[in-house]
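Structural features, examined
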Amino acid sequence: MKSNLLYLASITALLFSCQPGKEQPKALDPVEIAQLADTLNLKENQYADLLGDKSNEQTKRDLFFRKIHLQKRAIDSLTTQNLGLAKENDILNKANEKPALTKQERGIQNMVHHMHKSWIALAKTKDPEEILKYFNDKYLISRITINDDNTASVSRFSHEDFQAYIEQEILGEEGLTIEFSDVDFLDIEIKDNSYFNIAYKCMMGAYKGDRLIETNSLLVSITGKNINGKWGISSYSWVNFKYQ
C-alpha cells in the first residue's frame with residue numbers, strides 16, 4: 001500500500017512539473033503518446049478515449065491523471081476487501097463454530113458492492129437503469145448533506161422522480177463520475193427472508209474526467225424487501241459530509 005501511494009505521489013509531482021510554456025502547443029504524436037502509455041502500463045482500451053484533437057502536452061497530462069485514477073480505484077477496491085475480511089475474521093475468532101456471514105447476508109452485501117460499481121458504469125452507458133435495477137418498483141430516498149462550507153441541505157426522492165435526478169444532475173454534467181470506496185459494513189439484519197436492513201460507512205468521490213474534485217464521507221442505511229425471490233431496495237437514506 002505504501003509503495004502504491006509513493007508511486008502516485010511521484011506521478012503527481014511529475015505531472016505538475018509538465019506545465020505548458022508560452023510556445024504554441026505541439027501537435028499530437030500518436031507514437032510518443034503510445035510509448036508514454038506503455039511506460040505507465042496502460043492498455044490501449046484504458047486510454048483510447050483520451051486521444052482527440054488536443055495538444056501533445058495536454059494528452060500527456062491526461063494520461064498521468066488516468067493512471068492516478070486507475071491506481072486509486074485499485075487501492076480503494078483492496079481497502080474495501082480488507083475491511084470485509086478483517087470483520088469476518090473478527091467474527092470467526094469470537095465464534096468459529098458458525099459462519100461469519102450467512103449466504104443471504106453475503107448476498108445483500110454483494111448487492112451493495114455491485115450497485116457501487118454500477119455508478120462507475122453509469123458514466124459510460126448513460127443508462128439510469130444501471131442504478132434503478134437495484135430498487136423495487138416503489139421506493140423512497142432521503143439524503144442529508146453537510147457541505148464543505150458547513151451549510152446543510154435535505155433532499156428526498158421517490159420512484160416518481162429519482163430517474164429524473166440521475167439524468168439531470170449526474171448524466172447532465174459532462175464527464176462526471178461517482179465512485180464509492182472504503183465500505184465498512186456496520187450491521188445487517190434479515191427478517192424471515194422477507195425484509196432486510198443494512199447499515200454501512202463509506203467514502204464517495206466525485207470525478208470530472210480523471211480528476212478528483214470532491215470527497216464525501218457517508219453513513220448509509222438501506223431497507224429492502226424480497227419480491228418474487230429477488231432482493232430490492234425500498235428505502236435508501238444517507239448522511240454525507242462533503243469535502244472539497
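Rules of the game
- The numbering scheme is per chain: residues are counted from 1 as the chain's sequence reads.
- Note on the predicted model: pLDDT of at least 70 is required for a residue's local features to be given, and 80 or more for side-chain atom pairs to be given and counted; whole-chain, interface and lining totals, by contrast, use all residues.
- Only hydrogens and water are set aside when side-chain values are computed; all heavy atoms of the structure are taken into account.
- DSSP calls a pair of strands paired once it identifies at least 2 bridges connecting them.
- Helix and strand definitions follow DSSP, with helices as H or I runs of at least four residues and strands as E runs of at least two, each counted in order from the N terminus.
- Axes here refer to lines fitted to C-alpha atoms; in helices the fit is confined to the stretch in contact. Angles between the N-to-C directions go from 0 to 180 degrees.
- Whether a residue is buried, partly exposed or exposed follows from its accessible area with a 1.4 Å probe, protein chains only, as a fraction of its type maximum: under 20%, in between, or over 50%, in that order.
- Patch building starts from residues that exceed 30% relative accessible area and form no salt bridge, then joins like charges within 9 Å and nonpolar side chains (Val, Leu, Ile, Met, Phe, Trp, Tyr) within 5 Å.
- Surface accessibility in these figures is a Shrake-Rupley result with a 1.4 Å probe; residues are shielded only by whichever protein chains are displayed.
- When a carboxyl oxygen of Asp or Glu lies within 4 Å of a side-chain nitrogen of Lys or Arg, that pair is called a salt bridge.

**Concerning the sheet that holds strand E4 (residues 195-208)**
Strand pairs in the sheet, formed through backbone hydrogen bonds, run parallel or antiparallel to each other. An order of E2-E1-E6-E5-E4-E3 is seen for the six strands of this open sheet, with the pairing classed as mixed. Each edge of the sheet is formed by a strand with only one pairing partner; in this case those strands are strand E2 (152-158) and strand E3 (176-191). Sheet twist, expressed as the mean angle between neighbouring strand axes with direction ignored, is 15 degrees. In this structure, strand E1 (residues 135-146) lies alongside E2, joined through seven bridges in antiparallel fashion.

**Focus on unusual backbone geometry**
Backbone geometry places Lys 126, a non-glycine residue, at a positive phi of 60 degrees. Structurally, Lys 126 can be placed in the loop between helix H5 (103-125) and helix H6 (129-132). Overall, the relative accessible area of 43% leaves Lys 126 in the partly exposed class.

**Observations concerning a nonpolar patch on the surface**
A surface patch of nonpolar side chains, amounting to about 620 Å² of accessible area, comprises Ile 144, Val 154, Leu 186, Leu 219, Val 239, Phe 241 and Tyr 243. Per element, the largest residue contribution to the nonpolar patch is three residues, and it comes from strand E6 (residues 230-243). If you trace the backbone, Val 154 turns up in strand E2. Taking relative accessible area as the criterion, Val 154 reaches 55% and is therefore assigned exposed.

**Examining the pattern of salt bridges**
Per the counting criterion, the structure on display carries six salt bridges. Taking the shortest distance from any N to any O, the salt bridge between Glu 179 and Arg 73 comes out at 2.6 Å. Separated by 106 residues along the polypeptide, Glu 179 in strand E3 and Arg 73 in helix H4 (residues 56-94) bring together distant segments of the chain. With a shortest N-O distance of 3.6 Å, Lys 208 and Glu 173 are connected by a salt bridge. A residue pair is termed long-range when its members are at least 10 positions apart, and Lys 208 in strand E4 and Glu 173 in the loop between helix H7 (162-170) and E3 qualify at 35 residues.

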